[in-house]
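Chain by chain, the residues run as shown.
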Amino acid sequence: MLDRRRFLGLSSLGLGSFSFSGFRSAPDIRKPIVISTWNEGIHANKAAWNVLGKGGRALDAVEQGVMVTEASQNCCVGLGANPDRDGYVTLDACIMDEYANCGSVAFLERIKHPISVARRVMEKTPHVMLVGSGAQQFAVEEGFPLEPGKLSDDAERSYRNWLKKSEYKPVVNIENGQKQTAYAPAKLENGNWNHDTIGMVAMDAAGNLSGSCTTSGMGFKMRGRLGDSPIIGAGLFVDNEIGAATATGQGEDVIRICGSHLVVELMRQGLNPEQACKKAVERIIKVKGIAKSKEIQVGFIAINKQGEYGGYCIQKGFNFAVCYADDQNFMVDGKYILS
Ligand code: SD4
């Protein structure tokens, strides 16, 4: 099998005849494996690998992985992120396991780890989704501390900046030609974070799949707005017979095509993860039209039961982190359709 290190070695010798672009065809099953969206995925994968590398369950890995990102004040996911246009940080998250159990919270305020609340919804209630004050009440009853509800310094600064014009022009994940520093969250020139989400999917040593997705949503969104990230089938979908997928970017457009579910269903029809992600991105562009698609970003990532992985996005700038060994945790640039 051609692993990444060997491939890089071969290509530097001029022997690699194809480009390393986010899809690896493997005759045998590579497991465990975890992949996650954006640069922050590197840190999240590391925490997930701590579970997977010891033979732990994919569900624990995808929870513990994205908790790192939620806790990072230096990032754009979790309580340190940009607020809605009324100045409140509202968080959405969902989780799904190998038995098609799933849990979700949305419009949740002042709780540091929405992904863990989503897991409790899955494991301790007869429901799939809890939102708003009900979700917060459940979290507190479950022992999650109610955080002060103060904006982080970065978020405070960008909110003040935004208030100067208070224009409701949400833009997600367009890199605007900005160069991203390796493994650091990127900021737009106006100081806004441009990645508000981490989505993660994993397969454990037993061959079982799980996924998680957690976000602060769009910065300066309307109060009460939800995107795709807490919606099973849109921001995340897992089918233990086939594969798992997650999404990032303009949530409204991911919801329109039931994005992550679509990716998994395309894999069921025989496409590999990269091909399936590409087809889902093409569907968005078809629905939205090319001109309007150029104004947004959407990226999908996926794994299948063979441990193959892939990702695709609308336009340049999306990347994801892949980890399948102690010394194999690396970024892959998503291929894109519109340039
Ligand atoms: C949303 N999909 O709320 C999220 C935003 C996102 O990186 O992915 N930002 O629509």
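Owing to the predicted nature of the structure, the values given are computational and were not obtained by experimental measurement.

Our next topic: the site of the ligand. Near the ligand, the surroundings consist of 14 residues, among which Thr197, Arg225, Asp228, Thr248 and Gly249 are the closest. The backbone of Asp196 places a nitrogen or oxygen atom 2.9 Å from an oxygen atom of the ligand. Note that an oxygen atom of the ligand is positioned 2.7 Å from one of the side-chain N or O atoms of Thr248. Protein coverage of the free-state accessible area of the ligand, which is 290 Å², stands at 100%. Taken together, the residues of the shell around the ligand break down into 2 nonpolar, 9 polar and 3 charged.

We now examine the environment of Ala244. Among the secondary structure elements, Ala244 is positioned in strand 8 (residues 243-249). The exposure class assigned to Ala244 is buried, which follows from its relative accessible area of 0%. Aside from chain neighbours lying at most four places away, what touches Ala244 is Val201, Leu209, Phe237, Val238, Val264, Met267, Ile301, Ala302 and Ile303.

Moving on, we come to helix 3 (residues 58-71). When the terminal C-alpha atoms of helix 3 are compared, their 20 Å separation across 14 residues agrees well with the 20 Å that a helix rising 1.5 Å per residue should span. Check the buried side of helix 3 and you find it contacts helix 2 (41-52), strand 2 (91-96), helix 4 (114-124), strand 5 (197-203) and strand 6 (209-215).

Moving on: the side chain of Asn319. Relative to the helices and strands, Asn319 resides in strand 11 (residues 319-325). Judged by its relative accessible area of 7%, Asn319 is buried. Among the polar contacts made by the side chain of Asn319, one reaches the side chain of Asn39 at a distance of 2.8 Å.

What follows covers the nonpolar core. Among the nonpolar cores identified, the biggest contains 48 residues, and Ile35, Val263, Phe300, Ile303, Tyr309, Ile314 and Val322 are the most heavily contacted of them. Looking at this core element by element, the count peaks at 6 residues for helix 9 (residues 273-288). In this structure Ile35 touches Asn45, Gly199, Met200, Val201, Ile301, Ala302, Ile303, Tyr309, Gly310, Ala321 and Val322, once residues within four positions along its chain are discounted. Among the nonpolar cores identified, the runner-up in size contains 31 residues, and Leu52, Val105, Leu108 and Ala118 belong to it.

Turning next to the sheet that holds strand 4 (residues 129-131). The strands that make up a sheet pair up through hydrogen bonds in the backbone, lying either parallel or antiparallel. Pairing is mixed in the open sheet, where 8 strands are placed in the order 4-3-2-6-5-1-11-12. Lying at the two open borders of the sheet, with one neighbouring strand each, are strand 4 and strand 12 (328-333). The mean inter-strand angle of the sheet, taken between neighbouring strand axes irrespective of direction, is 10°. In the sheet, strand 2 pairs with strand 6 via 5 bridges, with the strands oriented antiparallel. In the sheet register, Ala93 faces strand 6, and the bridge partner there is Thr214. Sitting on the sheet, helix 2 is in contact with strand 1 (33-37), strand 5, strand 11 and strand 12, with an inclination near 155° to strand 1. Sitting on the sheet, helix 3 touches strand 2, strand 5 and strand 6, and the angle it makes with strand 5 is about 155°.

Among the surface-exposed residues, Val128, Met129 and Val131 lie close enough to one another that they form a single nonpolar patch of about 220 Å² accessible area. Inspection of the secondary structure assignment puts Val131 in strand 4.

Throughout the structure, instances matching the rule amount to 6 aromatic pairs. Centre to centre, the rings of Tyr159 and Phe220 are 6.3 Å apart; their planes meet at 15°, and the pair counts as stacked. Of this pair, Tyr159 sits in helix 6 (residues 153-165) while Phe220 sits in the loop between strand 6 and strand 7 (236-239), placing them 61 residues apart in sequence. Across this residue pair, the class does not change: Tyr159 and Phe220 are buried. Consider the rings of Tyr324 and Phe330, whose centres lie 5.8 Å apart with planes at 85°: the pair is edge-to-face.

Scanning the entire structure with this criterion turns up 0 disulfides. Counting only cysteine sulfurs, Cys94 is the nearest neighbor of Cys102, a cysteine outside any disulfide, at a range of 8.0 Å.

So, on to the pairing of strand 3 (residues 102-108). Within strand 3, 6 of the 7 residues are buried, which leaves it mostly tucked inside the rest of the structure. Looking at chain direction, strand 2 and strand 3 are connected through 5 bridges and run antiparallel. Bridge pairing links Leu91 to Leu108 in strand 3. Connecting strand 2 to the next strand, strand 3, in antiparallel fashion are 5 residues, including Ala100 with a positive phi near 65°. In terms of strand pairing, strand 3 meets strand 4 through 3 bridges, oriented parallel.

On to the sheet that holds strand 9 (residues 298-304). The sheet built from 5 strands is open, its strands ordered 7-8-9-10-13 with mixed pairing. Where the open sheet ends on each side, the last strands, each with one partner, are strand 7 and strand 13 (335-338). Here the strands of the sheet are splayed against their neighbours by 15° on average, with no regard to which way each runs. Strand direction decides the pairing type here: strand 7 and strand 8, joined by 4 bridges, are antiparallel. Its bridge partner being in strand 8, Val238 is matched across the sheet by Ala244. The sheet strands contacting helix 8 (residues 259-268) are strand 7, strand 8 and strand 9, and the helix crosses strand 8 at an angle near 145°. This element, helix 9, spans strand 9, strand 10 (309-315) and strand 13 of the sheet and lies at about 20° to strand 10.

Definitions and cut-offs
Residues numbered from 1 in each chain as written. Predicted model: local features only at pLDDT ≥ 70, side-chain atom pairs only at ≥ 80, totals over all residues. Heavy atoms only, no water. Near = heavy atom within 4 Å. Polar contact = N/O pair within 3.5 Å; in protein donor to acceptor, adjacent residues only side chain to side chain. Areas by Shrake-Rupley, 256 points an atom, 1.4 Å probe, with all protein chains shown as cover. Nonpolar A, V, L, I, M, F, W, Y, C, P; charged D, E, K, R; others polar. Helix = DSSP H or I, 4+ residues; strand = E, 2+ residues; numbered from the N terminus. Buried < 20%, exposed > 50% of the residue type's maximum accessible area, 1.4 Å probe, protein only. Contact = heavy atoms within 4.5 Å. Expected span 1.5 Å × (residues − 1). Core = buried A, V, L, I, M, F, W, Y, C linked by side-chain atoms within 4.5 Å. Pairing = 2+ DSSP bridges. Axes fitted to C-alpha atoms, helices over the stretch in contact; angles between N-to-C directions. Patch = residues over 30% accessible without salt bridge, like charges linked within 9 Å, V, L, I, M, F, W, Y side chains within 5 Å. Salt bridge = Lys/Arg side-chain N within 4 Å of Asp/Glu carboxyl O. Phe/Tyr/Trp six-rings, centres within 6.5 Å; stacked < 30°, edge-to-face > 60°. Disulfide = S-S within 2.5 Å.

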